[in-house]
Amino acid sequence: MTGSIVLFGPPGAGKGTQASIIVDLTGKPQISTGDMLRSSVSKGTELGLEAKTYMESGKLVPDQVIIGLIEQRLEQSDASGGVLFDGFPRTIPQAEALEKITNVSAVISIEVPDDDIVSRIVGRRMDPETGEIFHVSFKPAPTEIQGRLIQRKDDTEETVRNRLAAYHEQTKPLGDWYGERGLLIPVDGSGTIEEVGNSVEAAVKSL
Ligand code: AMP
């Protein structure tokens, strides 16, 4: 399959965690706009400075900024056989812009109830050395690395409420938009990491 796959779902659904399964199965590179933005913020680039305020308050970064970032990334040679989008598109205008530059073959939607999202996000920790994502209860890190784990600045309870609001207002309608185009594959995201992983794997194999 030469088209791209979109990993869709609310913040904290486990998109970043499950992305590796899809990368392993398809060989497509993962493109996470959240990771790209965080890298720009830590390098202090102009784009990073612009994005930082939105990210820290849990709002979406303006479409034009994101679309520009994606256009540039898709020009790289590893993207020619399709990619795995993680956290993009998040609005209908982003999806419309994407339609013009790449072919989306499937949208895997990880569905998680709102009530589970806050605890998932607030307990999330990352290993800055490997980028691996852990959770204080659901996926504890090995003791020897626990001291170096960091929490994302926007993974606080207050910011999560804004991120959820942005998801419901701006991103969720996009799920229906892809549904109308026959591209949406819903996956139950409320189980354990392994259970969700098995469903994601089955969805990819069905393509
Ligand atoms: P994520 O790591 O995907 O949860 O993204 C973290 C933050 O980056 C979001 O809360 C937004 O502020 C911003 N962001 C990431 N991807 C997008 C996107 N496709 N559109 C708008 N803002 C985004």
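Residues numbered from 1 in each chain as written. Predicted model: local features only at pLDDT ≥ 70, side-chain atom pairs only at ≥ 80, totals over all residues. Heavy atoms only, no water.

A. Examining the site of the ligand more closely. As a structural note, the neighbourhood of the ligand is formed by 16 residues, with Thr 33, Arg 38, Lys 59, Arg 90 and Gln 94 the closest of them. Arg 90 places a side-chain nitrogen or oxygen 3.0 Å from a nitrogen atom of the ligand. Within the side chain of Gln 94, an N or O atom sits 2.9 Å from a nitrogen atom of the ligand. Look at the ligand: alone it shows 480 Å² of surface, and the protein chains cover 96% of it. Per-element accounting of the shell around the ligand gives the leading share, 4 residues, to helix H2 (residues 33–43). Of the residues in the shell around the ligand, the class split is 6 nonpolar, 4 polar and 6 charged. (Near = heavy atom within 4 Å. Polar contact = N/O pair within 3.5 Å; in protein donor to acceptor, adjacent residues only side chain to side chain. Areas by Shrake-Rupley, 256 points an atom, 1.4 Å probe, with all protein chains shown as cover. Helix = DSSP H or I, 4+ residues; strand = E, 2+ residues; numbered from the N terminus. Nonpolar A, V, L, I, M, F, W, Y, C, P; charged D, E, K, R; others polar.)

B. Here's a closer look at the side chain of Asp 154. By the element assignment, Asp 154 lies in the loop between strand S6 (133–135) and helix H7 (157–180). On the accessibility criterion, Asp 154 (10% relative accessible area) is buried. Within the local environment of Asp 154, its side chain forms a polar contact with the side chain of Arg 152, the two groups lying 2.9 Å apart. Among all residues touching Asp 154, those that are not within four sequence positions of it are Met 55, Thr 159, Val 160 and Arg 163. (Buried < 20%, exposed > 50% of the residue type's maximum accessible area, 1.4 Å probe, protein only. Contact = heavy atoms within 4.5 Å.)

C. Representation of unusual backbone geometry in the model. Cis peptide bonds are those with omega within 30 degrees of zero, and the linkage from Phe 88 to Pro 89 qualifies with -10°. Considering the arrangement of structural elements, one finds Pro 89 in the loop between strand S3 (84–86) and helix H5 (92–101).

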